[in-house]
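# Overview (structure and organization)
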Amino acid sequence: LLDLGEIQKIDLIVQFLDVFGGVLAMSSRLAVESASERELKDLASKLEAIIGSIGELEEHRNAWKTFTDSLLPIHKNLVLRLVGNGIRTQIMSDALQLDQDRDMEQDIEMLQTHLRKAARALHGRDALGTSNALLEYVEVVKLSMSARSKTNSSEIKVGHQSNA
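Parameters at a glance
- Residues numbered from 1 in each chain as written.
- Predicted model: local features only at pLDDT ≥ 70, side-chain atom pairs only at ≥ 80, totals over all residues.
- Heavy atoms only, no water.
- Helix = DSSP H or I, 4+ residues; strand = E, 2+ residues; numbered from the N terminus.
- Buried < 20%, exposed > 50% of the residue type's maximum accessible area, 1.4 Å probe, protein only.
- Contact = heavy atoms within 4.5 Å.
- Areas by Shrake-Rupley, 256 points an atom, 1.4 Å probe, with all protein chains shown as cover.
- Salt bridge = Lys/Arg side-chain N within 4 Å of Asp/Glu carboxyl O.
- Core = buried A, V, L, I, M, F, W, Y, C linked by side-chain atoms within 4.5 Å.
- Expected span 1.5 Å × (residues − 1).
- Phe/Tyr/Trp six-rings, centres within 6.5 Å; stacked < 30°, edge-to-face > 60°.
- Axes fitted to C-alpha atoms, helices over the stretch in contact; angles between N-to-C directions.
- Parallel < 35°, antiparallel > 145°, perpendicular 65-115°, else oblique.
- Left-handed = near helix turned anticlockwise from the far one by under 90°.
- Nonpolar A, V, L, I, M, F, W, Y, C, P; charged D, E, K, R; others polar.

Moving on: the overall build of the protein chain. Scanning the protein chain from terminus to terminus reveals 6 helices and 0 strands. Its helices and strands in sequence order give the protein chain the pattern α-α-α-α-α-α, from N to C terminus. With 164 residues in all, the protein chain has 41% of them scored as buried. Across the protein chain, the fraction of contacts at a sequence separation of at least 24, relative to all contacts at a separation of at least 6, is 76%. Surface summary for the protein chain: the accessible area is close to 9,300 Å², and the carbon and sulfur share equals 53%.

Structure below.
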């Protein structure tokens, strides 16, 4: 789709994030509902690693991969595994990261807030709360990417006009 020019890269990433958010929400809800106490503590630890790695590109990407990989064996939903793996492969290099832009401190605080909310819900075995907080996290990423895309697009247009 990108090569054919049918869709802008940022729009495609936002669409992937929509689906990824849904899959992450369902996967986390199912995992929290069926996790043993040990598995729940393990998930909470991995979620804390995600929170602690915000701002560190490679570490953050690896923390997300570790967390999402841990959900799959707990809920054992093969369709979610298939869809989730395909989506994650497509977006992990381009999305779920805001640390390359120094002006994103407010977004990073929002991301951390939603992840901490997910961690509290996870500790309380609140499956729906965990799911919703992770979905809210993905929504912040999506909104930030869209806003940055519009800002970058405006800067490019202004730059071309001043060169004319």
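Read on for the rest.
Time to look at the pattern of salt bridges. Throughout the structure, instances matching the rule amount to 8 salt bridges. Residues K46 and D42 are paired through a salt bridge, measuring 2.8 Å at the closest nitrogen-oxygen approach. One end of the pair, K46, and the other, D42, are both in helix α2 (residues 37-53), 4 residues apart, so they sit about a helical turn from each other. Taken together, the salt bridges that share partners define one network made up of D18, E139 and K142.

Turning to its location among the elements, P73 is positioned in helix α3 (residues 57-75). Accessibility expressed as a relative area gives 43% for P73, which makes it partly exposed. Residues P73 and A35, 38 residues apart in the sequence, show an inter-C-alpha distance of 9.8 Å.

Let us now look at the nonpolar core. In terms of nonpolar packing, the biggest core is built from 33 residues, with L24, L47, W64, F67, L115 and L134 touching the most fellow members. Of all elements in the fold, only α1 (9-34), α2, α3, α5 (105-123) and α6 (127-163) reach the threshold of two or more residues within this core. By residue number, the principal contributor to this core is α6, which donates 8 residues. Residues in contact with L24, not counting those within four places in the same chain, are W64, F67, T68, L71, L134 and V138.

Taking 1.5 Å per residue as the helical rise, α3 with its 19 residues ought to reach 27 Å, and the 28 Å between its terminal C-alpha atoms agrees with that figure. For α3, the set of buried residues is H60, A63, W64, F67, T68, S70, L71, L72, I74 and H75. In the stretch just after α3, K76 is the one whose phi turns positive, near 55 degrees.

Taken as a whole, this structure holds 3 aromatic pairs when the rule is applied. Where F20 meets W64, the ring centres are 6.5 Å apart and the plane angle is 70 degrees; that geometry is what we call edge-to-face. Taken together, the residues span a long stretch of sequence, with F20 in helix α1 and W64 in helix α3 at a distance of 44 residues. The pair formed by F20 and W64 is uniform in burial state, with each residue classed as buried. With a relative accessible area of 0%, W64 lands in the buried category.

Each pair of packed helices can be summarised by the angle the axes make with each other and by the distance between the axes. Axis separation between α2 and α3 bottoms out at 8 Å; the angle between their running directions is 160 degrees. When the interaxial angle is binned, α2 and α3 end up roughly antiparallel. Crossing of α2 against α3: the hand is left-handed. Each of E39, D42, L43, K46, L47, A49, I50 and S53 in α2 lies in contact with α3, whose residues at this interface are E59, H60, A63, W64, T66, F67, S70, L71 and I74. Residue composition of the contact of α2 with α3, by class: 9 nonpolar, 4 polar and 4 charged.

As far as function goes, none of this settles anything; it's purely spatial.
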